[in-house]
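# Secondary and tertiary structure notes
The chain contents come next:
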Amino acid sequence: MNTNDLTRGNACIGFIETSSIARGIEATDAMMKMAEVELLMTTIIPRGKYLIMIGGNVADVESSLKAGLAKAGETVLDHFIIQNVHEELPAAIKGRVKVEHVEAIGIIETKEVASAIYAGDAAVKSANIKLIEARNQPGGKGLVVLTGEVGAVRTAVAAGVASIKKDGMLIGEVVIPYGHPALLKSLTA
């Protein structure tokens, strides 16, 4: 499986975010040894956190994630599995997606990165919007930015927020009904 396979509609991805780089690397090793999954991304996040993203079929991702969680132990900040990944999510994880214009703007800010990625997938699956980003920000927070028609953006932000199950993970949510054109450059550059 490669990142392009994530757009085929049947891919499964798993995430673990840890508070320890060393334990995150150790968890990655355990995950890769447990099942036939592909390591799609590992990254060090500000404040000494570590993010692991794997992909594969559901059963393999589930068993691999279980092994990683056991190895990472108390350093796990957040984790989840997304089945049937939306085709816009991989690009939004990698960086800001260019859009021609902004209409309404929706923003979801989370305490940790993994929650933002999960919320971004839920948001883009819920309404006809364009996902601009769903990834880490300076300081280790997660941020989802999206645009579209006002009602669709409200629906998408609500769905993204509802997907955040862990208490205290949501920092803020904003819907700007008619974004100023100057925001296009700052949000997509």
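For the structure, check the block above.
The text that follows walks through the structure, step by step, so that each part is easy to find. (Residues numbered from 1 in each chain as written. Predicted model: local features only at pLDDT ≥ 70, side-chain atom pairs only at ≥ 80, totals over all residues. Heavy atoms only, no water.)

Turning our eyes to something else, we now look at the side chain of S163. Tracing the chain through its elements places S163 in the loop between α5 (150-162) and β8 (170-176). Under the relative-accessibility criterion, S163 is labelled buried at 10%. A polar contact of 2.6 Å, which involves the side chain of S163, links it to the backbone oxygen of G160. Beyond its immediate stretch of four places on either side in the chain, S163 contacts Y118, A119 and A122. (Helix = DSSP H or I, 4+ residues; strand = E, 2+ residues; numbered from the N terminus. Buried < 20%, exposed > 50% of the residue type's maximum accessible area, 1.4 Å probe, protein only. Polar contact = N/O pair within 3.5 Å; in protein donor to acceptor, adjacent residues only side chain to side chain. Contact = heavy atoms within 4.5 Å.)

Moving on: the sheet that holds strand β7 (residues 142-148). With antiparallel pairing, four strands are arranged side by side in an open sheet as β6-β7-β5-β8. Of all the strands in the sheet, just β6 (129-136) and β8 have a single pairing partner and so form its edges. With direction set aside, neighbouring strand axes in the sheet form an average angle of 10 degrees. Its contacts with the sheet put α5 on β5 (104-110), β6, β7 and β8, and the angle it makes with β5 is roughly 10 degrees. (Pairing = 2+ DSSP bridges. Axes fitted to C-alpha atoms, helices over the stretch in contact; angles between N-to-C directions.)

Strand order in the open sheet formed by four strands is β2-β3-β1-β4, and the pairing between neighbours is antiparallel. Every other strand in the sheet has two partners, leaving β2 (38-45) and β4 (76-83) as the edge strands with one partner each. Put simply, the sheet's adjacent strands are angled 10 degrees from each other on average, direction ignored.

A separate point is the side chain of T147. Structurally, T147 is set in strand β7. Separated by 2.8 Å, the side chain of T147 and the backbone oxygen of A104 make a polar contact. If near-sequence neighbours (up to four positions away) are discounted, T147 is found in contact with V99, H101, V102, E103, A104, I129, K130, I132 and V153.

Another point: helix α1 (residues 21-34). In a regular helix each residue adds 1.5 Å, so 14 residues correspond to 20 Å; α1 covers 20 Å between its end C-alpha atoms and thus fits that length. Residues of α1 that are buried in the fold lie against β1 (12-18), β2, β3 (49-56) and α2 (58-72). Taking the backbone nitrogen of A22 as reference, a side-chain oxygen 3.4 Å away marks S20 as the first, capping residue of α1. (Expected span 1.5 Å × (residues − 1).)

By themselves, these are just geometric observations and shouldn't be taken as functional.
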